[in-house]
Amino acid sequence: MGEKQRKLLVLYASQTGNALDAAERIGREAERRGCPASIVSTDEFDPSSLPHEESVVFVVSTTGQGDSPDSFKEFWRFLLQRNLGNSWLQRVRFAVFGLGDSGYQKYNFVAKKLDKRLLDLGATTIVEKGLGDDQHPSGYEATLDPWMLSLWSTLYQINPKYFPKGPDVMIPQDELTDQPKYRILYHKQETLEPELMAESDIIERARGMSPGKLSKDKTKPDCFLKMTKNEVLTKAGSTKDVRHFEFQFVSSSIKYEVGDVVELLPSQDSSAIDAFIKRCHLDPESFITVCPRETENNGSCGEVITHHVPIKLKTFVELTMDVTSASPRRYFFEVMSFYATAELEKERLQYFASAEGRDDLYNYNQKERKSVLEVLEDFSSVQMPFEWLVQLVPSLKPRAFSISSSPLAHPGQVHLTVSVVSWITPSYPYKRTRKGLCSSWLASLTPEQEINIPVWFHKGSLPAPPQSLPLILVGPGTGCAPFRGFIAERAVQAQTSPIAPVMFFFGCRNKDTDFLYKDFWESHAREGGMLSEVKGGGFYTAFSRDQPKKVYVQHRILEMRKKVWDLLCDGAAVYVAGSSTKMPCDVMSALEEIVMEETGGSKEMASRWLKALEKAGRYNVEAWS
């Protein structure tokens with residue numbers, strides 16, 4: 001008997017779904033070349049069985065400031081055990097593909113540390129790690145495409161049994177139309193018992209059935225918030241529209257701390273939802289349940305169906321499928337090509353789905369931020385089954401915001417500081433105006449509407465500081481949001497006990513138009529306030545466009561180097577919040593310069609000094625793109 005067919009294991013760790021998409025793509029491309037692939041999340045794989053695998057591809061994303069996806073944390077803890085020797089994985093070959101954003105300091109940190117640890121445990125690399133970059137015009141796929149070709153070629157050289165017909169011989173695409181992974185069951189209304197359900201249960205029911213639900217996602221909201229204030233903070237002439245929102249808890253309240261993050265589930269435009277349902281020839285009033293086919297095949301589909309109470313199709317679309325703001329992925333265009341009846345549309349879709357058409361697809365799709373609805377309207381001959389749409393339409397994701405209130409200073413309330421996102425697409429002649437789904441929806445709300453907003457609370461990257469801890473805060477633009485909560489909280493604490501000094505560096509374009517919470521900061525900078533120099537702190541502003549030479553927060557930090565250094569020596573913690581593009585790196589460089597100057601050490605020594613600060617929990621960054 002000949003040697004049996006080789007199988008490829010693809011392990012992924014995804015926070016938002018991108019790494020899952022990439023892992024599925026690797027699996028599909030392997031199978032098209034005749035190599036069976038198994039795609040498993042790292043939190044559903046037993047890491048102790050890793051030595052028994054022959055070839056493993058890891059696809060891992062890096063979130064925030066070098067953070068691991070939640071689904072990776074247990075797996076990573078297992079790999080760090082000291083009793084695993086340097087020959088534990090000596091029979092294993094592996095390849096790592098990372099997804100990250102080079103705008104962040106710790107670009108693809110998770111992929112890099114995983115690659116190193118696997119080598120330390122004795123595993124052998126198949127190909128050099130691939131690092132996908134969100135900043136690239138074509139996204140991570142610009143790296144993934146050539147990386148996969150190298151992976152197939154090397155695997156074939158290692159053992160031709162992976163690809164019996166060679167790494168370049170693919171099953172024709174029209175012979176391999178994958179089955180959708182989900183099955184939709186339609187229910188007759190007369191067989192359904194009328195059921196009064198709480199709003200939170202409806203959301204939990206819909207999102208619990210959604211393919212976009214990642215492992216360990218909480219589908220039921222922690223609670224609901226109701227808007228009580230919608231105030232424009234920026235003045236006429238500003239290039240931005242920044243809002244201050246206040247909310248109160250509806251029925252139950254959740255305990256939170258300063259520095260925490262709240263996620264809101266936005267509502268989509270109802271007319272766009274209706275247009276999507278009409279375009280796809282769906283019945284909005286029908287009741288459905290969504291069942292994974294794998295459970296159907298192993299006989300447990302009935303159990304899933306009894307667990308999932310049917311839900312109205314329109315409600316399912318509204319709560320789980322982002323048809324109005326998210327751009328579809330490449331595989332969406334590939335599946336569309338199977339259902340296109342117009343020959344020109346079919347050819348164009350096949351081209352978009354190919355490696356050769358990647359850049360043109362980017363120009364058509366991501367660059368223009370086409371929505372699913374717009375793409376379906378552009379290819380009018382395509383009639384995709386709802387099962388495929390449920391699987392491939394990007395999931396409607398909650399949007400995360402730093403909380404700008406303090407539960408001590410603002411009991412029963414949650415405040416947010418939100419920049420309303422709006423931009424014009426670059427491609428001539430379209431030049432379309434696009435708006436952020438959640439921020440523009442929030443900006444359109446009024447307290448009188450009394451809309452219940454589903455929310456989830458969780459810890460961010462900024463731990464709540466004890467009042468005895470001196471602070472150096474850096475928060476330009478909406479990065480000031482969490483620090484408004486910090487200062488408000490310390491003001492309450494100061495009424496009964498001593499508090500440590502706080503230095504705050506704030507920046508924006510223009511003093512007259514963009515100075516967010518001006519009265520709040522200035523009142524606390526006056527004598528006796530939380531930011532007053534009398535109390536050992538200070539409030540420092542950088543208005544970048546108010547003079548010929550641009551001035552940013554890092555320049556103000558350098559101007560106050562002596563005071564910054566003294567506070568660091570007194571045990572201060574540094575907190576940085578705001579845009580991820582350059583600011584966090586520039587702030588770190590300014591602090592490195594101060595450390596070098598004050599200690600007389602080298603740049604490397606200063607870098608190590610700040611890394612030690614970070615390790616001790618005294619250097620915290622929350623940045624967003």
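Residues numbered from 1 in each chain as written. Predicted model: local features only at pLDDT ≥ 70, side-chain atom pairs only at ≥ 80, totals over all residues. Heavy atoms only, no water.

Colleague: Explain the packing of aromatic side chains to me, and be specific about the residues and the numbers.
Modeller: A complete count under the given rule lists 29 aromatic pairs for this structure. Note on Phe72 and Phe75: the rings are 5.8 Å apart at their centroids and 35 degrees apart in plane angle, and the pair reads as tilted. Residue Phe72 is classed as buried on the basis of its relative accessible area, which comes to 0%. Measuring from centroid to centroid gives 5.1 Å for Phe520 and Trp521, while their planes differ by 75 degrees, and the two rings are edge-to-face. Cluster of aromatic residues (ring-pair linked, three or more members): Phe483, Phe486, Phe504, Phe506, Phe515, Phe520, Trp521, Phe539, Phe543 and Tyr575. (Phe/Tyr/Trp six-rings, centres within 6.5 Å; stacked < 30°, edge-to-face > 60°. Buried < 20%, exposed > 50% of the residue type's maximum accessible area, 1.4 Å probe, protein only.)

Colleague: Hey, could you go over a positive patch on the surface for me, with residue numbers and the actual values?
Modeller: Among the surface-exposed residues, Lys240, Arg509, Arg545 and Lys550 lie close enough to one another that they form a single positively charged patch. Within the secondary structure, Lys550 is located in the loop between β20 (538–543) and α19 (553–559). (Patch = residues over 30% accessible without salt bridge, like charges linked within 9 Å, V, L, I, M, F, W, Y side chains within 5 Å. Areas by Shrake-Rupley, 256 points an atom, 1.4 Å probe, with all protein chains shown as cover. Salt bridge = Lys/Arg side-chain N within 4 Å of Asp/Glu carboxyl O. Lys, Arg positive; Asp, Glu negative; His and termini not counted. Charge placed at Lys NZ, Arg CZ, Asp CG, Glu CD. Helix = DSSP H or I, 4+ residues; strand = E, 2+ residues; numbered from the N terminus.)

Colleague: Kindly report on unusual backbone geometry, identifying the contributing residues and their values.
Modeller: One non-glycine residue, Arg369, lies in the positive phi region at around 50 degrees. Relative to the helices and strands, Arg369 is located in the loop between α12 (358–364) and α13 (372–378). Positioned with a positive phi, Glu450 is a non-glycine residue whose angle comes to about 50 degrees. Assignment of secondary structure puts Glu450 in the loop between α15 (437–444) and β17 (452–458). For Glu450, a relative accessible area of 53% corresponds to the exposed category.

Colleague: Go over the domain arrangement of the chain with me, naming the residues and quoting the values.
Modeller: We note that the domain assignment places domain 1 (8–171) and domain 2 (471–623) within the chain. Between domain 1 and domain 2, the contact holds 5 residues from the first and 8 residues from the second. Together domain 1 and domain 2 conceal approximately 580 Å² of surface at their shared face, both sides included; 46% is due to carbon and sulfur atoms. Across the salt bridge formed by Lys106 and Glu614, the nearest N and O atoms sit 3.0 Å from each other. The tally of links from domain 1 across to domain 2 stands at 1 residue pair in polar contact (both at pLDDT 80 or more). Here the residues of the side of domain 1 that touches domain 2 sort into 1 nonpolar, 3 polar and 1 charged. (Domains from an automatic or database assignment. Contact = heavy atoms within 4.5 Å. Buried area = accessible area lost by both parts, 1.4 Å probe. Polar contact = N/O pair within 3.5 Å; in protein donor to acceptor, adjacent residues only side chain to side chain. Nonpolar A, V, L, I, M, F, W, Y, C, P; charged D, E, K, R; others polar.)

Colleague: I'd like a description of the side chain of Ser395, backed by residues and values.
Modeller: Relative to the helices and strands, Ser395 resides in the loop between α14 (386–392) and β13 (399–402). Apart from residues lying up to four places away in sequence, Ser395 is in contact with Gly212, Thr320 and Asp322.

Colleague: Lay out the packing of helix α5 (residues 199–209) against helix α9 (residues 313–320) in plain terms, naming residues and giving numbers.
Modeller: Where α5 meets α9, the closest approach of the two axes is 9 Å, and the angle between their N-to-C directions is 80 degrees. With respect to α9, the axis of α5 lies roughly perpendicular. Where α5 abuts α9, its residues Ile202, Ile203, Ala206, Arg207 and Met209 lie against Thr315, Phe316, Leu319 and Thr320. Looking at side-chain class alone, the contact of α5 with α9 contains 6 nonpolar, 2 polar and 1 charged residues. (Axes fitted to C-alpha atoms, helices over the stretch in contact; angles between N-to-C directions. Parallel < 35°, antiparallel > 145°, perpendicular 65-115°, else oblique.)

Colleague: Can you tell me about empty space enclosed by the protein, naming the residues and giving the values?
Modeller: Evaluation of the coordinates by the stated rule reveals 2 cavities of 30 Å³ or more. Its volume calculated, the largest cavity comes out at about 50 Å³. Around the largest cavity, the lining residues are Val258, Pro465, Leu471, Phe486, Glu489, Arg490 and Gln493. Sort the elements by how many residues they give to the lining of the largest cavity and helix α16 (residues 481–493) lands first, with 4 residues. Counted by class, the lining of the largest cavity contains 4 nonpolar, 1 polar and 2 charged residues. (1 Å grid on protein atoms, 1.4 Å probe; cavity = no way out; pocket = protein on both sides within 12 Å on 5 of 7 lines; lining within 4 Å. Points joined across faces, edges and corners; volume = space filled by probe spheres on them.)

Colleague: Give a description of the sheet that holds strand β14 (residues 413–419) that names residues and reports values.
Modeller: Across the sheet, which stays open at both edges, the 6 strands sit in the order β13-β10-β17-β8-β9-β14 with antiparallel pairing between neighbours. The open sheet terminates on both sides in strands that have one partner only, identified here as β13 and β14. For this sheet, the mean inter-axis angle between neighbouring strands, taken without regard to orientation, is 40 degrees. (Pairing = 2+ DSSP bridges.)

Colleague: Can you lay out the nonpolar core for me, pointing to particular residues and giving the numbers?
Modeller: Across soluble globular proteins, nonpolar side chains have a tendency to be buried as a group. If you look at the biggest cluster of nonpolar residues, it comprises 49 residues, and the most contacted ones within it are Phe276, Met321, Phe332, Phe386 and Leu389. Among the nonpolar cores identified, the runner-up in size contains 29 residues, and Phe505, Leu568, Val576 and Leu610 belong to it. (Core = buried A, V, L, I, M, F, W, Y, C linked by side-chain atoms within 4.5 Å.)

Colleague: Describe the UniProt feature "binding site: FMN" (unreviewed entry) in the chain, with residues and values.
Modeller: Residues annotated in UniProt with the feature "binding site: FMN" (unreviewed entry) correspond here to Ser14, Gln15, Thr16, Gly17, Asn18, Ala19, Ser61, Thr62, Thr63, Gly64 and Asp134. Tracing the backbone through its elements, the reader meets Gly64 in the loop between β3 (55–61) and α2 (73–79). With respect to the helices and strands, Asp134 occurs in the loop between β6 (130–133) and α4 (141–158). Aside from chain neighbours lying at most four places away, what touches Asp134 is Gly100 and Asp101. (UniProt positions renumbered as here; feature names shortened; annotations may be inferred.)

Colleague: Mind laying out the environment of Leu155, listing which residues take part and the relevant values?
Modeller: Along the chain, Leu155 turns up in helix α4. For Leu155, a relative accessible area of 0% puts it in the buried group. The spatial distance from the C-alpha of Leu155 to the C-alpha of Glu533 is 64 Å, given a sequence separation of 378 residues. Look past the residues within four positions of Leu155 in its chain and what remains in contact with it is Leu8, Ser55, Ile126, Tyr162 and Phe163.

Colleague: Can you explain the pattern of salt bridges? Please cite residues and give values.
Modeller: Summed over all chains, the structure comprises 34 salt bridges. Across the salt bridge formed by Asp145 and Arg25, the nearest N and O atoms sit 2.9 Å from each other. Linking Asp145 in helix α4 with Arg25 in helix α1 (residues 18–32), this pair joins segments that are 120 residues apart in sequence. Across the pair, exposure class does not vary: Asp145 and Arg25 are buried alike. Taken together, the salt bridges that share partners define one network made up of Arg25, Glu141, Asp145, Arg330, Arg358 and Asp359.

Colleague: Which residues make up the sheet that holds strand β19 (residues 502–508), and what are the values?
Modeller: Strand order in the open sheet formed by 5 strands is β20-β19-β18-β21-β22, and the pairing between neighbours is parallel. Of all strands in the sheet, those bounded by a partner on one side alone are β20 and β22 (619–624). Each neighbouring strand pair of the sheet contributes to a mean axis angle of 10 degrees, computed without reference to strand direction. Examined bridge by bridge, strand β18 (residues 471–474) and strand β21 (residues 573–579) share 4 bridges and lie parallel to one another. In the sheet register, Leu471 faces β21, and the bridge partner there is Ala573.

Colleague: I'd like to hear about the side chain of Lys370, residue by residue, with values.
Modeller: For Lys370, the location among the structural elements is in the loop between α12 and α13. Lys370 has contacts with Ala326, Ser327, Pro328, Tyr364, Asn365, Val375, Asp378, Arg432 and Arg434, leaving out every residue within four places of it along the chain.

Colleague: Any chance you could break down the state of the cysteines for me, citing the residues and the numbers?
Modeller: Under the definition given, this model contains 0 disulfides. Sulfur of Cys480: no disulfide; nearest cysteine sulfur belongs to Cys508 and is 9.2 Å away. (Disulfide = S-S within 2.5 Å.)

Colleague: Please provide a residue-by-residue account of the layout of surface pockets, values included.
Modeller: Here the second largest pocket defines a volume of roughly 800 Å³. Taken together, the elements giving at least two residues each to the lining of the second largest pocket come down to α2, α3 (109–120), α21 (583–599), α22 (603–615) and β22. The element best represented in the lining of the second largest pocket is α22, accounting for 6 residues. For the lining of the second largest pocket, the class distribution of residues is 8 nonpolar, 9 polar and 9 charged. Built from parts of two domains, the lining of the second largest pocket gets at least three residues from each of domain 1 (8–171) and domain 2 (471–623).

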